Amino acid sequence: MPQKLKDVDVVVVGVGMVGSIIAKELAAAGYKVVGLERGQPRFTVPDFQGPSVHDELRFDIRKALMQDNAREAVTFRNQSSQTALPIRRWESFLPGTGLGGSHVHWNGQTYRFQENDFVLATKTRERYGADFLDADLTIQDWGVSYAELEPHYDRFEYLLGTSGKAGNLQGKIQPGGDPFESVRSRDYPTPPMKEHFQGAMFRKAATELGYHPYPQPSSNLSQPYTNPEGVKLNACVFCGFCERYACEHYAKAVPQTIILPVLLKNPNFELRTGCQVQRINLDSSKKKATGVTYIDAAGREFEQPAALVITSSFALNNVRMLLLSGIGKPYDPATGKGVVGRNYAYQTMSSVASFFDDDVIVNPFMASGASGTLINDFAGDNFDHTKLGFIGGAFVGAVNTNGRPIQYHPVPPGTATWGKDWKQAVAKHYNHTVMFSIHGSSMSQRQNYLDLDPTYKDAWGQPLLRMTFDFPRNDLAMAQYVTGKAVEIGKAMGAKQVAGNPRKGPYTTTQYQTTHNTGGTVMGTDPATSVVNKSLQSWDVPNVFIVGASNFPQNPSWNPTNTIGALTYWAVDQLKNKYLKNPGQLVSA
Amino acid sequence: MDKLSRRSFVKSVGAATLAPAALGLPALAAAAEQAVHKASTPAASSVAAEKPLYLFFNAEEVVFIEAACERLIPADATGPGALEAWVPNYLDKQLGAAWGSGERLYRSGPWQAGTPSQGYQLPFTPGELFHTALRAINADLKLQGTPFGEMTADAQDAYLKSLEKGGKDLDGVPAAVFFDMLLKMTVEGYFSDPVYGGNKDMAAWKMIGFPGAYANYYEAIDKHGVKFERAPMSLAQNGHGHVHVDPNIPASL
């Protein structure tokens, strides 16, 4: 029998970025909050310090900061006619674990989505007609507007200290910023990062071609900064160990450097690490959560009663927690009915490599996670799709983040994969190649979804999450088109050879693409097509709120973190100003 | 000691007592007899004079691994080969420790072959996979009559390509799966921090100009087009530049 613990007001499942912010706000408002984190506690000092953290093998290749597959994997198949098998080691995406969650190993790329993204289904029909979309796409509006989220984007960016240049300040287009940006109420809290050589070359070529390059918004900071919580961050030194690493310099905005120091001082908050939540418990009506059951690091089982449960773990784990708890109807692709696991989407990543002669020296190892230069001319709906036969797009940028050589040793296509020729090509091109990222949107599609695996279990005996996913035709067409545009920029830079690598199907788990897994607990206005209402509250169990990238109905052209942050503060607003004043269903279906 | 030529590597190997596991290695044993004096610097000679002590691979396996790694990344004027960089030592230490035993590998069945997009689906740990495949390879080569270490370079390449191409079954290990793991680990051992026992003297980093664990470019980042010149740094080097090799770093924080 699990040991039953004393009641608390709120239990937060997953103490990463989302959980830290919500816990901080609710604890400060006087509520008793328990944060359950499955991983270890870890801090900039003493855990993230150099030089031992500058270890490509340990962090890139062995994935030291990631969820341990040996204990919790995900099963995968491209199509529901196949048998899903466990992803026995991560490659394609890398869910983090431990205090601070995946936010600890992010790159700091901090984009807002555009106004259009939140009403994508409506706007697509308006601009291109009802028949333009492929029939199996299941895109939908978010139920929340950009205008509603803007103050929360702003608050999150000021929490992080994001370094950038506004492009659209209160409706006025700003030179040097992104002219496609939706209106922002104020500029970024800190100025843009220094531009690396690759970025400068890209800027020149893109400008000549009539595009609109701007500095990548970065939450590795350009200068020291004290955020509104009173927490201090340092300037980034371009160490080149950012994504997949924890920052030793207090320069990357992660929970440890922006909010945890405040949260952990509040006596209303209790952090429990090493706690694996097994399920959210429901009462006999199945319409009210009574708390959660978890197993601690020593294998002891506890029941933690709570009036309010927040799931704030990685997108895939949010979905799995609802499925394990029996909250919401699981999605069935055969009938199109059910919602939990529906509209799983990803990101459609392509690349371009531009090879130069010896006289162009780029020093690829000098980099932060987000100090590139990019354009949004082919992102979202910033270009006319009428004759293109797809929707969505990608940002294109010289966003080099590192030169760590086990992973980074570009060679021209056609080079042998080993032997003398390979080795000579590696030595020849390492310091003379510019890589572009083509960071593409991912549309939700009827046959892509998440559910529980019927066969494979985790270390606690619970079913693994099963992922069924392949790239929609729409997204591969988009990748082909935008990669072609990026190749033109590489040529305009004067490269000797330009190699475009548009994403091709089938989707494979064996090659890193991104950790931008989205959907499965989608937000919306209709309980038949969403798991949570616009307040991020479960339609079925009103004292459960689900917050994260799992709320995205489809995934736009940019990295998701800033929007997850905006949704987090939006959820805080809905909780503090509505739900907690009068607990109950906030939106009538 | 910026670039070790193959010749100086052979010399320095000869200066050391050969580890028992390597005694069956004709090429190196012959080289040892011819070996003579003189290494470039005193510090380098004491380090380079060592010979990997193989703990995971047996003598027969060492013959194949050393020769195969050297074909995957051969020595030439560009930079060190896999042997000079002690890549086989890296493989030996990784396969013999936690990683080789399946650290971070989801190991529950049922087992079945998947599609290429489903990735690795064998019950073998990396260590089991190498032992199994190498037994099968050495048995195969015995039948063919020429030990791998005594083949010409072209014949070695042809044999490696036959593994890479797939289709061969190595006692349950598909040859292409083994080749893929061998190649990946060879590149890892070449370019990883020398703390893991490969990338000896950071020679692979010197070849491409990667500064290693040194990591502060605030002043250099906007000096566009200027080559950053600095001797690389290991995460495990002391004030005198000596690297403390300790391959048993966990794949966790």
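1. With respect to the overall build of chain B
Then, in step 1: From N to C terminus, chain B includes 9 helices and 2 strands.
Then, in step 2: What you see in chain B, going N to C, is helices and strands ordered as α-α-α-α-α-α-α-β-β-α-α.
Then, in step 3: Per-residue burial for chain B yields a buried fraction of 51% across its 253 residues.
Then, in step 4: Excluding contacts between residues fewer than 6 apart, the proportion of contacts in chain B whose partners are at least 24 apart in sequence is 66%.

2. A short note on the pairing of strand β12 (residues 276-282) of chain A
The two faces of the sheet receive side chains in turn, since in a regular strand these alternate between them.
Residue and element names in this part refer to chain A.
Then, in step 1: In terms of burial, β12 is largely enclosed, as 6 of its 7 residues are buried.
Then, in step 2: Relative to strand β13 (residues 289-295), β12 runs antiparallel, the two sharing 6 bridges. Opposite Asn281, over in β13, you have Gly291 as the bridge partner.
Then, in step 3: Between β12 and β13, which pair antiparallel in sequence order, lie 6 residues; one of them, Lys286, sits at a positive phi of approximately 65 degrees.

3. Remarks on the environment of Lys184 of chain B
Then, in step 1: Inspection of the secondary structure puts Lys184 of chain B in helix α8 (residues 175-191).
Then, in step 2: In the structure, Lys184 of chain B is positioned 33 residues away from Met151 of chain B in sequence and 23 Å away in space, judged by C-alpha atoms.

4. Describing the state of the cysteines
Disulfide: a covalent bond formed between the sulfur atoms of two cysteine residues.
All names here are of chain A.
Then, in step 1: Summed over the entire model, instances satisfying the criterion amount to 0 disulfides over all chains.
Then, in step 2: Cysteine Cys236 shares no disulfide, and the gap to the nearest cysteine sulfur, in Cys239, comes to 6.6 Å.
Then, in step 3: In this structure Cys242 is not part of a disulfide, and its nearest cysteine sulfur, from Cys236, lies 6.6 Å away.

5. Notes on the interface of chain A and chain B
Then, in step 1: Chain A puts 72 residues into the contact, and the matching count from chain B is 74 residues.
Then, in step 2: Of all residues in chain A, Arg62, Arg88 and Trp418 of chain A give up the largest surface area on contact with chain B, accounting jointly for 16% of the area buried on that side.
Then, in step 3: The residue Glu188 of chain B makes a salt bridge to Arg62 of chain A at a minimum N-O spacing of 3.3 Å.
Then, in step 4: The tally of links from chain A across to chain B stands at 38 residue pairs in polar contact (both at pLDDT 80 or more).
Then, in step 5: Going through the elements one at a time, α3 (56-61), β4 (74-77), β5 (85-86), α6 (197-208), α10 (420-429) and β19 (449-457) of chain A are the ones with two or more residues in the side of chain A that touches chain B.
Then, in step 6: The residue makeup of the side of chain A that touches chain B, split by class, is 35 nonpolar, 21 polar and 16 charged.

6. Here we look at the packing of helix α5 (residues 87-95) of chain B against α8 of chain B
Residues and elements named next belong to chain B.
Then, in step 1: It is the contact of α5 with α8, at a shortest axis distance of 8 Å, that shows an interaxial angle of 110 degrees. On the basis of their axis angle, the class for α5 and α8 is roughly perpendicular. Pair α5 / α8 crosses with right-handed handedness. Facing α5, whose interface residues are Val87, Tyr90, Leu91, Gln94 and Leu95, α8 presents Leu182, Met185, Thr186, Glu188, Gly189 and Tyr190.
Then, in step 2: Residues of the contact of α5 with α8, tallied by class, amount to 7 nonpolar, 3 polar and 1 charged.

7. Regarding the sheet that holds strand β21 (residues 497-501) of chain A
All names here are of chain A.
Then, in step 1: What the 6 strands build is an open sheet, ordered β8-β16-β17-β18-β15-β21; its pairing is antiparallel. Whereas interior strands pair on both sides, the edge strands pair on one side only; in this sheet they are β8 (214-215) and β21.
Then, in step 2: Alignment of strand β17 (residues 394-398) against strand β18 (residues 433-440), held across 4 bridges, turns out to be antiparallel. By the bridge assignment for β18, Ala394 is matched with Gly440.
Then, in step 3: Against the sheet, α6 engages β8, β16 (373-375), β17 and β18, with an angle of about 30 degrees to β16.

8. A closer look at unusual backbone geometry
Then, in step 1: In the segment running from Val45 of chain A into Pro46 of chain A, the intervening peptide bond is cis, with an omega of 10 degrees.
Then, in step 2: In this structure, Pro46 of chain A sits in helix α2 (residues 44-47).
Then, in step 3: Cis geometry marks the peptide bond from Gly109 of chain B to Pro110 of chain B; its omega dihedral reads 0 degrees.
Then, in step 4: Within the secondary structure layout, Pro110 of chain B lies in the loop between α5 and α6 (126-144).

9. A word on the pairing of strand β15 (residues 348-355) of chain A
Residues and elements named next belong to chain A.
Then, in step 1: Judged by how many residues are buried, β15 sits mostly within the fold: 8 of 8 residues are covered.
Then, in step 2: On β15, burial covers both faces: Thr348, Ser350, Val352 and Ser354 on one face and Met349, Ser351, Ala353 and Phe355 on the other are all buried.
Then, in step 3: Pairing of β15 with β18, which is carried by 8 bridges, proceeds in the antiparallel orientation. Paired with Ser354 across the bridge in β18 is Val434.
Then, in step 4: In terms of strand pairing, β15 meets β21 through 5 bridges, oriented antiparallel. Across the sheet, the residue bridging to Val352 is Gly500, located in β21.

10. Section: the sheet that holds β4 of chain A
Through backbone hydrogen bonds, the strands of a sheet pair up, either in parallel or in antiparallel fashion.
Residues and elements named next belong to chain A.
Then, in step 1: One open sheet holds the 4 strands; their spatial order is β5-β4-β20-β19, and the pairing between them is mixed. The open sheet has two edge strands with one neighbour each: β5 and β19.
Then, in step 2: Helix α9 (residues 315-325) contacts β19 and β20 (463-468) of the sheet and is inclined by roughly 120 degrees relative to β20.

11. Details of the side chain of Asn266 of chain A
All names here are of chain A.
Then, in step 1: Note that Asn266 resides in the loop between α8 (260-263) and β11 (269-273).
Then, in step 2: In terms of polar contacts, Asn266 uses its side chain to reach the backbone carbonyl oxygen of Ala27, at 3.4 Å.
Then, in step 3: Among the polar contacts listed, one links the side chain of Asn266 to the backbone nitrogen of Asn268, at a separation of 2.8 Å.

12. What to know about the side chain of Asp60 of chain A
Residues and elements named next belong to chain A.
Then, in step 1: The topology assignment puts Asp60 in helix α3.
Then, in step 2: When its relative accessible area of 2% is taken as the criterion, Asp60 is described as buried.
Then, in step 3: A distance of 2.8 Å separates polar atoms of two side chains, one belonging to Asp60 and the other to Arg404.
Then, in step 4: Dropping the residues within four chain positions of it, Asp60 is found in contact with Asp55, Arg244, Tyr245, Arg404 and Gln407.

13. Observations regarding the environment of Leu221 of chain A
Residues and elements named next belong to chain A.
Then, in step 1: Relative to the elements of secondary structure, Leu221 occurs in the loop between β8 and β9 (225-226).
Then, in step 2: Look at Leu221 and you get buried, because its relative accessible area is 0%.
Then, in step 3: The spatial distance from the C-alpha of Leu221 to the C-alpha of Ala370 is 9.5 Å, given a sequence separation of 149 residues.

14. With respect to the pattern of salt bridges
Then, in step 1: Scanning all chains against the criterion turns up 36 salt bridges over all chains.
Then, in step 2: Salt-bridge contacts for Glu25 of chain A lead to Lys576 of chain A; the nearest nitrogen and oxygen are separated by 3.0 Å. Taken as a pair, Glu25 of chain A in helix α1 (residues 17-28) and Lys576 of chain A in helix α12 (residues 561-577) lie far apart in primary sequence, 551 residues in all.
Then, in step 3: In this structure, Lys93 of chain B engages Asp92 of chain B in a salt bridge whose closest nitrogen and oxygen atoms are separated by 2.7 Å. By the burial criterion, Lys93 of chain B is buried, and Asp92 of chain B matches it.
Then, in step 4: Salt bridges sharing partners connect three or more residues here, namely Lys24, Glu25, Arg155, Glu229 and Lys576 of chain A.

15. Topic: helix α7 (residues 153-165) of chain B
All names here are of chain B.
Then, in step 1: If you check α7, its first and last C-alpha atoms are 18 Å apart, about what 13 residues at 1.5 Å a residue would give, namely 18 Å.
Then, in step 2: Buried within α7 are the following residues: Gln156, Asp157, Tyr159, Leu160, Ser162 and Leu163.
Then, in step 3: The secondary structure elements touched by the buried residues of α7 are α4 (59-72), α6, β1 (169-170) and α8.
Then, in step 4: Gly166 lies just past α7 and shows a positive phi near 85 degrees.

16. A short note on the nonpolar core
Then, in step 1: In this structure, Phe64, Leu91, Phe130, Phe178 and Phe191 of chain B are the most contacted members of the largest nonpolar core, which totals 191 residues.
Then, in step 2: Among the elements that take part in this core, α8 of chain B stands out by supplying 10 residues, more than any other.
Then, in step 3: One finds Met201, Val352, Ala398 and Met478 of chain A within the second-largest nonpolar core, a separate group that totals 28 residues.

About the criteria used
- Residues numbered from 1 in each chain as written.
- Chains lettered and ligands numbered in written order.
- Predicted model: local features only at pLDDT ≥ 70, side-chain atom pairs only at ≥ 80, totals over all residues.
- Heavy atoms only, no water.
- Helix = DSSP H or I, 4+ residues; strand = E, 2+ residues; numbered from the N terminus.
- Buried < 20%, exposed > 50% of the residue type's maximum accessible area, 1.4 Å probe, protein only.
- Contact = heavy atoms within 4.5 Å.
- Pairing = 2+ DSSP bridges.
- Disulfide = S-S within 2.5 Å.
- Buried area = accessible area lost by both parts, 1.4 Å probe.
- Salt bridge = Lys/Arg side-chain N within 4 Å of Asp/Glu carboxyl O.
- Polar contact = N/O pair within 3.5 Å; in protein donor to acceptor, adjacent residues only side chain to side chain.
- Nonpolar A, V, L, I, M, F, W, Y, C, P; charged D, E, K, R; others polar.
- Axes fitted to C-alpha atoms, helices over the stretch in contact; angles between N-to-C directions.
- Parallel < 35°, antiparallel > 145°, perpendicular 65-115°, else oblique.
- Left-handed = near helix turned anticlockwise from the far one by under 90°.
- Expected span 1.5 Å × (residues − 1).
- Core = buried A, V, L, I, M, F, W, Y, C linked by side-chain atoms within 4.5 Å.

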